[in-house]
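# Survey of secondary and tertiary structure
Here's the letter readout for the chains.
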There are 2 protein chains.
Amino acid sequence: MDIKRLYELSETADKILQGKLNTDINTVIPEIKELVSNFKQGSIGIAQLNPIVGDIEYNSKKIMKYISYATKIDLDLVVFPELSIMGYPIEDTIDRHPIIVEENIRWLKEIAKLTSTTTAVVGFVEPRFYKNKTGKKYYNSLAILSDGKIQGIIRKSLLPNYSEFNDYRYIEPSPVVGSQPADTLTMFDEDSIIDSNKTNIINGIKYGISICEDCWNNKSFFSSTIYDKDPIEELSKEKPNVFINCSASPSRAKKEQLKHNMLSFISENYKIPFVYVNQVGAVDNSSFDGSSRVFNREGVLLARAKSFEEQFLIVNPLQEIGKIYPLTKGLEKSLTEEKVFSLDYENDLERTYKTILQGIQDYFNKNGLKRACLGLSGGLDSTVCAVLLADALGKENVFGVSMPSKITSKESRSDAEQLAKNLGINYTEIPIKEMVDTTNKMFDNLFSEVETKWNCRYKKSFTQDNIQARSRAMYLWGISNEFASCVPIATSDKSELYMGYATINGDMSGGFAPIADVPKTKLFAFARWLNSNRTEKNAIPEAIILKRPGAELAIDERTGKPLIAEDALMPYEFLDEVIWRIENKHEYYQDMIESKFLYEKTHTITKEQKEEWLNKFYKRMSTSLYKWSILPPSVIVESRSINKYDYRQPITSSHINYKGTSSDDIKSILLSAKL
Amino acid sequence: MDIKRLYELSETADKILQGKLNTDINTVIPEIKELVSNFKQGSIGIAQLNPIVGDIEYNSKKIMKYISYATKIDLDLVVFPELSIMGYPIEDTIDRHPIIVEENIRWLKEIAKLTSTTTAVVGFVEPRFYKNKTGKKYYNSLAILSDGKIQGIIRKSLLPNYSEFNDYRYIEPSPVVGSQPADTLTMFDEDSIIDSNKTNIINGIKYGISICEDCWNNKSFFSSTIYDKDPIEELSKEKPNVFINCSASPSRAKKEQLKHNMLSFISENYKIPFVYVNQVGAVDNSSFDGSSRVFNREGVLLARAKSFEEQFLIVNPLQEIGKIYPLTKGLEKSLTEEKVFSLDYENDLERTYKTILQGIQDYFNKNGLKRACLGLSGGLDSTVCAVLLADALGKENVFGVSMPSKITSKESRSDAEQLAKNLGINYTEIPIKEMVDTTNKMFDNLFSEVETKWNCRYKKSFTQDNIQARSRAMYLWGISNEFASCVPIATSDKSELYMGYATINGDMSGGFAPIADVPKTKLFAFARWLNSNRTEKNAIPEAIILKRPGAELAIDERTGKPLIAEDALMPYEFLDEVIWRIENKHEYYQDMIESKFLYEKTHTITKEQKEEWLNKFYKRMSTSLYKWSILPPSVIVESRSINKYDYRQPITSSHINYKGTSSDDIKSILLSAKL
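These numbers come from a predicted model, not from an experiment.

## Describing the packing of aromatic side chains
For the structure on display, the rule yields 55 aromatic pairs over all chains. Seen from their ring centres, Tyr88(A) and Phe288(A) are 6.2 Å apart, and the 90° between their planes marks the pair as edge-to-face. Taken as a pair, Tyr88(A) in the loop between strand E2 (77-79) and helix H4 (93-96) and Phe288(A) in strand E12 (residues 286-289) lie far apart in primary sequence, 200 residues in all. The residues Tyr88(A) and Phe288(A) share a single accessibility class, namely buried. In this structure an aromatic cluster arises from ring pairing among Tyr498(A), Tyr589(A), Phe617(A), Tyr618(A), Trp628(A), Tyr647(A) and Tyr658(A). The ring of Tyr647(B) has Arg96(A) lying over it, and the distance from NZ or CZ to the ring centre is 3.9 Å.

Below, the structure written as structure tokens:
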């Protein structure tokens, strides 16, 4: 059969189904159906869709459309991502507003009625209504639908509760893996478990179906596992012909590699092909990457859907029919090798770009937002943000505002202007001098009044600095108030957020923070990558990449020039390595003293210098936790982040001693505490 | 024996141990010891302490001091709250910075060495180091210490993961209840379980010891339970003489009643006295109330420690020796009765006051903060905040700033000034006119530029309003930058946050938000309660309580007077009841249409009016989720809150249909989606 033709036709069908091509779907269906008939037994449509979380009507309509398409082309099976009717993650909403769970059941039942010869696997939130209830109120479930009916229910056993995941808050782990009878819908309990035929036979092929985390607990693959149970191992006992896993798994640095290795290992280990369908699209901080895929029984990648795009992928894992898209570069490397800190970000930058782009697009589109405004300082952070926004929202929807103060250099202003010109975004310059002067004048009165009463004065040098940052944010929020659907952008990066080097109600303030999980050293590499890989080359003026970052809010007394951030903090290469060692290797102060930093291979630093920087790091980090907690939504990019919903540390933990105490000191401190 | 004398002496000892009285503890010890000797067998010291989360040295020193005190007065046992060495909740910190877990083990071992005849029960985070590890990395454990050694380890079985609790993220549930041998420390697994003697015999008395949530799963008391296992039931099988539970349980409206009923039920049901020791003090959003207590075998409350204060309570549950403090008013009411919405807040207001006061005090003290500044508008929100701050931090540490704009009435200014005078806090007035005018002028230029390029203009009426709120916040943050340890206060209340009726970088901005979980109707009652119950009566001018709230940011075109909030939103009594019905009864749109509101008993409203308000409510709430996510730390007060760590709903869920869709509509929508 003509595989190439099938791919062409299904790409056209994708465009029609996504509304990107205004053609009647019936012009392509007969030929696709004809081609599918050649490998009908075991044919699967992977519906890699982008839902809107909580918008049950929108999601259900889309699911119905794809079921009806799959039926028309006569596939055996069409599979949707985890919680496809509800969208993932729905979080505490299902507890506070249980009406939406009732609703998703009503829609599920109606969808079931409209199915016929093609079997659909659809995700939904299942309430637990049986008597003598113990446990959480819901299951995370899949329904097997065909011939106008629900044929079976599969419930998630392993519930992730780390990083951004919170499944266990409201979801009860299933006491059994695999499929259970349809009449258990909303009434399932341990007593109703049927312990045979937990696989699903569809047109003569036996499928072992699981949900997301259920396939992430292989005890041979992982050196340590979180759960006792391995649902895939249990399903394997019924010797299915094919594994299917319906997921909603967000993108993170290094995860693509891990996922590839793990799924390949599972299929090879059990000698069973593996079909993995993943949600695409972003929800607040999580950007789901799709990249659904199929492995054959030797663990060889047979087919892979696009990353960060909706796609309907037609495959037959038994006949090895599918479509291979280029893999993420670096997939051939082992994970162990990747665990070394490196400033060579090349493999990772394309995925970073797509993760953030989708994060911006979906936050805006799904919330009815359209435009963004941001301050253009001529510095790296706002520059990279501007490029990402232009690409995500369209250059016409981005407004760059240069807001020079008396400290802003001529070069910064012209760099900002040049960038805006190169990107083709809207641009204007509005000086903040008058506003800063007025505020300063009023501050003089106010401060002398407070000084008298409190009989003290702190005179932090950055009071004046912050007025500038806050005046700028005031302009941007003004634009947001005056022009519909326009969001001001917070431009802080990860390295500076770690150091609290960001102004509350200033550059930290906005409706969205695109690069809050991107460290500064990566931003330099990212800027160069953008210059090489976007259609319009070199949009970012070289001068912006070459200059040493600084907020241009204050003058360095020693140089008479604007203060350079690295002088106030520490070298970014050192700072980013500290962050990396904490986040990826769980290192602490003493570990780092003893480790040889990449930075130390190229720079000679004394032990005292290293200690000074580490002391400064921990001190600044301890008092920055509050700022992390009020950061606007951002996109999680790295393997670990400081996003408040991904990582949670009490603000009131500022006294933690990250260095530890010697045993002798512990003894004498305790002895002195005795009465 | 002279119980009254024991109480007097132990109150004195408390003051000495807390550093409030500069007397040698040895002046009271001999007499206390003599009195204790009368009921030595079964004597327990409940060390209701306020730890600093993560400050292991501080916590360990305090624990050591109290162990040594308990030993000197020759008690059988001294019990500390859950995770007493680490402080609760330590959250993800133990995963990101595992050094602190190693540290808490090192301190624990040294404390153990210094114990002698009195047994101490101390909480700590226990790493799981055994081979072939499955599960989370830590246990939440108690160590039984005496004679210079660890005698046994008790591990938490039930791990709460709802509301503000996140135990299950990093803690493994114990596979066994009760005490296991000391040599299992950090090396415990299922194979090492010893299934007998899980109670602890100390001086001839048998204790069944558990941790917090382990006592919250009684299947006769609760109509539905979260967990299968009931650790108390399992412990009861060894027929202990006394139950002990070490907790860290934060305060919430109605929880005091629930806790009393539950513990009383357990002790009566098993005919075993119950000793409950609870942490006191606040960590960020959670205010732990202490209120440790003892029930006798009939379920009668025998002793109760103070709420929101450190205390060392000497009891003997077998000889019914202890100290009863006044109970929270309303304890006699059943929970069922409390589930009716009511504007009668009387029983609850004292606890609200103490919860918030401790929340402010501990956030400030534990983070090295000292002073607060806030805008005084003459309105209810800022007024109540000012009173709470004056009481929490001392009036000399509070700065109230009146920042009138052209809309601010003369009455508002004089009310604000009078309030400051009554409270004795620092006060100044600084007009914002010049700053607002400058900003407005600059906005004109900026907006006409943007208007030209985007060829549209929104002209939201509140652009001008927001300039005022943001100018004010700029002054307050300026004070914070210029004067050490000074925090600006966000004054938003719960009702208005639900409606998004708060300005980002304006009144919503600050380092702490004291009343973010207090609804407006309660604030009115609270203001009157404060006027009656504080030492200085009637500090809040009556005019402030009587006026109808409004932000005084805009003029109502219909009246020519400042816009009244209820006119822009809906009556607060109605709004607060909607919030209450959603949070406490899980009601949705249609339920509320069909319910008779308290508001409807006193006001005649049409169905159309009710629908209009409900529509407005859901619409405004859906687009306010973003604001909730960037709110500063606040104190959780009500039975449910919108605190971002207590309740989490994706911002990108703005399309949820809270009304539901009819079955006929579902059918026709799905049919139209079919190809």
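Structure's up, so let's keep going.
## Things to note about the pattern of salt bridges
Applying the stated rule across the entire model yields 106 salt bridges over all chains. The closest approach of N and O atoms between Asp381(A) and Lys520(A), which form a salt bridge, is 3.1 Å. Here Asp381(A) is found in helix H10 (residues 380-393), whereas its partner Lys520(A) is found in helix H15 (residues 520-533), with 139 residues between them in sequence. The buried category is assigned to Asp381(A), whose relative accessible area is 9%. The class for Lys520(A) is buried, based on a relative accessible area of 3%. The closest approach of N and O atoms between Arg293(B) and Glu256(B), which form a salt bridge, is 3.2 Å.

## Notes on the relation of the copies chain A and chain B
Relative to chain B, chain A is turned by 180° and slid 0.0 Å along the rotation axis, the superposed coordinates differing by an RMSD of 0.0 Å. These values place the two chain copies in the arrangement generated by a two-fold rotation axis. For chain A, the residue whose C-alpha comes nearest the rotation axis is Ile630(A), separated from it by 2.2 Å. Of the residues that chain A buries at the interface, 100% are likewise interface residues in chain B, meaning the two copies contact each other through the same surface.

## A look at the nonpolar core
Counting 304 residues, the largest nonpolar core has Phe617(A) and Phe617(B) as its most contacted members. With near-sequence residues (within four places) excluded, Phe617(A) lies in contact with Tyr498(A), Met499(A), Met570(A), Leu575(A), Val578(A), Ile579(A) and Ile582(A). With 42 residues, the next largest nonpolar core counts Trp454(A), Cys373(B), Phe447(B) and Trp454(B) among its residues.

## Let's talk about the pairing of strand E16 (residues 371-375) of chain B
Residues and elements named next belong to chain B. Across the five residues of E16, five count as buried, placing the element largely inside the fold. For E16 and strand E19 (residues 486-488), the ladder comprises three bridges, and the chain directions are parallel. In the sheet register, Arg371 faces E19, and the bridge partner there is Cys486. Two elements, E16 and strand E17 (residues 398-402), share four bridges in a ladder whose sense is parallel. Residue Ala372 lies in a different strand from E17, and its bridge partner there is Val398. Handedness of the E16-helix H10 (residues 380-393)-E17 crossover: right-handed.

## Remarks on the side chain of Asn104(A)
Residues and elements named next belong to chain A. Structurally, Asn104 is set in helix H5 (residues 99-113). Polar side-chain contacts of Asn104 include one of 2.6 Å to the backbone oxygen of Val101. Leaving out residues up to four positions away in the same chain, Asn104 has contacts with Ile56, Ile85, Met86, Phe124 and Val125.

## Describing the environment of Ser210(A)
Residue and element names in this part refer to chain A. Along the polypeptide, Ser210 turns up in strand E8 (residues 205-211). Note: C-alpha distance between Ser210 and Leu77 (133 residues apart in sequence) is 15 Å. Ignoring sequence-local partners within four residues, the contact set of Ser210 consists of Leu142, Ile232, Leu235, Ile244, Asn245 and Cys246. For Ser210, the side chain forms a polar contact with the side chain of Asn245, separated by 3.0 Å.

## Thoughts on the sheet that holds strand E13 (residues 293-295) of chain A
All names here are of chain A. Here we have six strands laid out as an open sheet, ordered E7-E8-E9-E10-E13-E14, and mixed in their pairing. A single partner strand is all that each edge strand has here, and the edge strands are strand E7 (200-202) and strand E14 (301-304). Taking the axes of each pair of neighbouring strands and ignoring which way they run, one obtains an average angle of 25° across the sheet. Of the strand pairs in this sheet, E8 and strand E9 (residues 242-247) are connected by five bridges, and their pairing is parallel. Following the sheet pairing, Ser210 is matched in E9 by Asn245. Its contacts with the sheet put helix H7 (residues 255-270) on E9, strand E10 (274-278), E13 and E14, and the angle it makes with E13 is roughly 35°.

## Focus on the interface of chain A and chain B
Taken together, the contacts link 151 residues of chain A with 152 residues of chain B. For the pair chain A and chain B, the summed buried area comes to about 14,000 Å², and 61% of that belongs to carbon and sulfur atoms. Across the chain A-chain B interface, the total number found is 10 salt bridges. Applying the counting rule to chain A against chain B returns 66 residue pairs in polar contact (both at pLDDT 80 or more). Sort the elements by how many residues they give to the side of chain A that touches chain B and helix H13 (residues 462-482) of chain A lands first, with 15 residues. When grouped by side-chain class, the residues that make up the side of chain A that touches chain B number 70 nonpolar, 40 polar and 41 charged.

## Description of helix H18 (residues 572-585) of chain B
Residue and element names in this part refer to chain B. For H18, spanning 14 residues, the distance from its first C-alpha to its last is 19 Å, which sits close to the expected 20 Å at 1.5 Å a residue. Within H18, 11 of the 14 residues are buried, which leaves it mostly tucked inside the rest of the structure. With its phi angle positive at about 55°, His586 sits one or two positions after the end of H18.

About the criteria used
One numbering rule holds for all chains: residues counted from 1, following each sequence as written. As a convention, the first chain written is A and the first ligand written is 1, with the rest following in written order. Local features are withheld for residues below a pLDDT of 70 in this predicted model, meaning they are given only at 70 or higher, and side-chain atom pairs are given and counted only at 80 or more; totals for whole chains, interfaces and linings count all residues. Water and hydrogen atoms play no part in the side-chain values, which are based on all heavy atoms of the structure. Aromatic pairing here means that ring centres of Phe, Tyr or Trp (its six-membered ring) are within 6.5 Å. Orientation follows from the plane angle: under 30 degrees is stacked, over 60 is edge-to-face, and everything else is tilted. Here a helix means four or more residues in a row that DSSP labels H or I, a strand means two or more in a row labelled E, and each is numbered from the N terminus. Partly exposed residues are those whose accessible area sits between 20% and 50% of the maximum for their type, while under 20% is buried and over 50% is exposed, using a 1.4 Å probe and protein chains only. In this analysis the charged atom, NZ for Lys or CZ for Arg, is taken to sit over a ring once it is within 6 Å of the ring centre and within 35 degrees of the ring normal. Between Lys or Arg on one side and Asp or Glu on the other, a salt bridge is scored when a side-chain nitrogen of the former is within 4 Å of a carboxyl oxygen of the latter. Copy-to-copy alignment: least squares on C-alpha atoms, limited to residues at pLDDT 70 or above in both. In this description, contact between two residues means that some pair of their heavy atoms is separated by no more than 4.5 Å. To qualify as a nonpolar core, a set must consist of buried Ala, Val, Leu, Ile, Met, Phe, Trp, Tyr and Cys residues joined through side-chain atoms within 4.5 Å. Any two strands are treated as partners once DSSP identifies two or more bridges connecting them. Convention used here: a crossover is right-handed provided that the path from the first strand, over the helix, to the second strand proceeds clockwise when the strands point away from the viewer. Here a polar contact means two N or O atoms within 3.5 Å. Within protein one must be a hydrogen donor candidate and the other an acceptor candidate, and residues neighboring in sequence count only if both atoms are side-chain atoms. Every axis corresponds to a line fitted to the C-alpha atoms, with the helix fit spanning only the stretch in contact, and the corresponding angles, defined between N-to-C directions, vary from 0 to 180 degrees. By convention, the term buried area covers the 1.4 Å-probe accessible surface removed from two parts as they join, with the contributions of both added. Each residue receives one of three labels: charged for Asp, Glu, Lys and Arg, nonpolar for Ala, Val, Leu, Ile, Met, Phe, Trp, Tyr, Cys and Pro, and polar for the others, Gly being one of them. Expected helix span is taken as 1.5 Å per residue step, with the number of steps being one fewer than the number of residues.

Treat this as a map of the structure, not an account of what it does.
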